[in-house]
Amino acid sequence: FRHSATVELIAGGIKKNTERHERLSLESDCSLNIKNVTEEDYGFYKCRQYVNGQKQGPDVYVYLHVLHVSVSPSSSSSSS
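Definitions and cut-offs
- Residues numbered from 1 in each chain as written.
- Predicted model: local features only at pLDDT ≥ 70, side-chain atom pairs only at ≥ 80, totals over all residues.
- Heavy atoms only, no water.
- Phe/Tyr/Trp six-rings, centres within 6.5 Å; stacked < 30°, edge-to-face > 60°.
- Helix = DSSP H or I, 4+ residues; strand = E, 2+ residues; numbered from the N terminus.
- pLDDT = per-residue confidence, 0-100.
- Polar contact = N/O pair within 3.5 Å; in protein donor to acceptor, adjacent residues only side chain to side chain.
- Contact = heavy atoms within 4.5 Å.

On to the packing of aromatic side chains, then. Tallied over the entire structure, the rule returns one aromatic pair. On the numbers, 4.9 Å between centres and 75° between planes, the contact of phenylalanine 44 with tyrosine 63 is edge-to-face. With phenylalanine 44 in strand β5 (residues 43-51) and tyrosine 63 in strand β6 (residues 54-64), the pair connects residues that are 19 residues apart, well separated along the chain.

Right, here's the structure in full:
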């Protein structure tokens, strides 16, 4: 696991991270949707829900793994 500083992506329903804000959307059930996931998106994500300024329930943690798949060119050749 990588160790890095915490980055607040969304707070109070407002997107904070300008580099990713167009790719992020937050659902009413606290689901975070990320469009066009990149290798840099991997890591821990935490959801902390508030209602009327009061924290609701425990924090929820998720680890996002990003798998990079590439297709190698075919190495077959035809002979006469």
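A word on the confidence of the model for the protein chain. Residues with a pLDDT of 70 or more make up 82% of the protein chain, whose mean pLDDT is 77. By mean pLDDT, the top-scoring element of the protein chain is β6 (87), and the lowest-scoring one is strand β2 (residues 14-15) (70).

You can see aspartate 59 is positioned in strand β6. Engagement of the side chain of aspartate 59 in a polar contact is seen with the side chain of arginine 48, the distance being 2.8 Å. There is a polar contact of 3.3 Å between the side chain of aspartate 59 and the side chain of lysine 55. Discounting residues that sit within four places of it in the chain, aspartate 59 has contacts with Lys46, Cys47 and Arg48.

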